[in-house]
Amino acid sequence: MSNKWGSPQEFPITALENQYAMSFRRHEEKTFKVIEELGIGLVAYSPLDRGYLAGHMDGNTIFDPKLDMRASFPRMSRDAMAKNRVIIDFLKEIGHEKSGATPAQVALAWILAQKPYIVPIPETTNISHLYENIKAVNISWTKNEMDEINKKLAGIKLVGERYAPGSVAAKSVYNLI
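Since we're looking at a predicted model, the values are computed, not measured.

Chemist: Is there a simple way to think about the overall build of the protein chain in this case?
Modeler: A count of helical and extended segments in the protein chain gives 7 helices and 3 strands. Starting at the N terminus and ending at the C terminus, the protein chain contains elements arranged as β-α-β-α-α-α-β-α-α-α. In the protein chain, which comprises 177 residues, the share counted as buried stands at 41%. If you take every contact in the protein chain between residues at least 6 apart in sequence, the share linking residues at least 24 apart comes to 72%. With the model as given, the accessible surface of the protein chain reaches about 10,800 Å², and the carbon-plus-sulfur share is 57%.

Dropping the structure here:
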């Protein structure tokens, strides 16, 4: 790469952006190992799994295929969302134990507790959701609590892929580390 004066410059990678959520933990083994070795941070996009982990969507939720890309995601099908309520129930259970924290707050606090180099970036267009999400920083767990949460979470098997198999979106993300 050259700067505007023509001399080449190299810059170290300081952060990697990948989806990471309680419902999508694929990067924990390989990716985490690499970024830890290289001292790179992780910017976790879609930490609420396209809004699903906020707990407001279920088998009755319908997305407009012309206005909402989630309409094409297998995990956001009505059937998958109905079957995946098990993770929402789990988030509500944890939230109840943490003085009424919402599922979104629990999901974000869980990411913040995983590794110090992970920063979630939840997307919202709703100011009340922004204020709700910010409160996730007030939730903490002991190591034993995190171990128990992760153990239970590992036993939850979700229905539906992130993207439609063979789609351009699926091809663009599944070949990464």
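From this point on, the discussion continues.
Chemist: Teacher, can you tell me more about the packing of helix 3 (residues 85-97) against helix 4 (residues 103-114) here?
Modeler: Geometry of a packed helix pair, given as the angle between the helix axes and the separation of the axes. Running from N to C, helix 3 and helix 4 point in directions that differ by 85 degrees, and their axes come no closer than 8 Å. The angle between helix 3 and helix 4 falls in the class roughly perpendicular. Every residue of helix 4 that contacts helix 3 at Leu91, Lys92, Ile94 and Gly95 is listed here: Pro103, Val106 and Ala107.

Chemist: So what exactly am I meant to see when it comes to the nonpolar core here?
Modeler: As a rule of thumb, nonpolar side chains are buried together in soluble globular proteins. In terms of nonpolar packing, the biggest core is built from 41 residues, with Met22, Leu53, Trp110 and Trp141 touching the most fellow members. Mapped onto this core, the elements with two or more residues apiece are helix 1 (30-38), strand 2 (41-45), helix 3, helix 4 and helix 6 (143-154).

Chemist: Sorry if this is basic, but what is going on with helix 4 here?
Modeler: For helix 4, which comprises 12 residues, the first-to-last C-alpha distance of 17 Å matches the rise-based estimate of 16 Å (1.5 Å per residue) to within 8%. With 10 of its 12 residues buried, helix 4 lies for the most part within the structure. The complete set of buried residues in helix 4 reads Pro103, Ala104, Gln105, Val106, Ala107, Leu108, Ala109, Trp110, Ile111 and Gln114. The inward-facing, buried residues of helix 4 contact strand 2, helix 3, strand 3 (118-121), helix 5 (127-134) and helix 6.

What counts, and where the lines are drawn
- Residues numbered from 1 in each chain as written.
- Predicted model: local features only at pLDDT ≥ 70, side-chain atom pairs only at ≥ 80, totals over all residues.
- Heavy atoms only, no water.
- Helix = DSSP H or I, 4+ residues; strand = E, 2+ residues; numbered from the N terminus.
- Buried < 20%, exposed > 50% of the residue type's maximum accessible area, 1.4 Å probe, protein only.
- Contact = heavy atoms within 4.5 Å.
- Areas by Shrake-Rupley, 256 points an atom, 1.4 Å probe, with all protein chains shown as cover.
- Axes fitted to C-alpha atoms, helices over the stretch in contact; angles between N-to-C directions.
- Parallel < 35°, antiparallel > 145°, perpendicular 65-115°, else oblique.
- Core = buried A, V, L, I, M, F, W, Y, C linked by side-chain atoms within 4.5 Å.
- Expected span 1.5 Å × (residues − 1).

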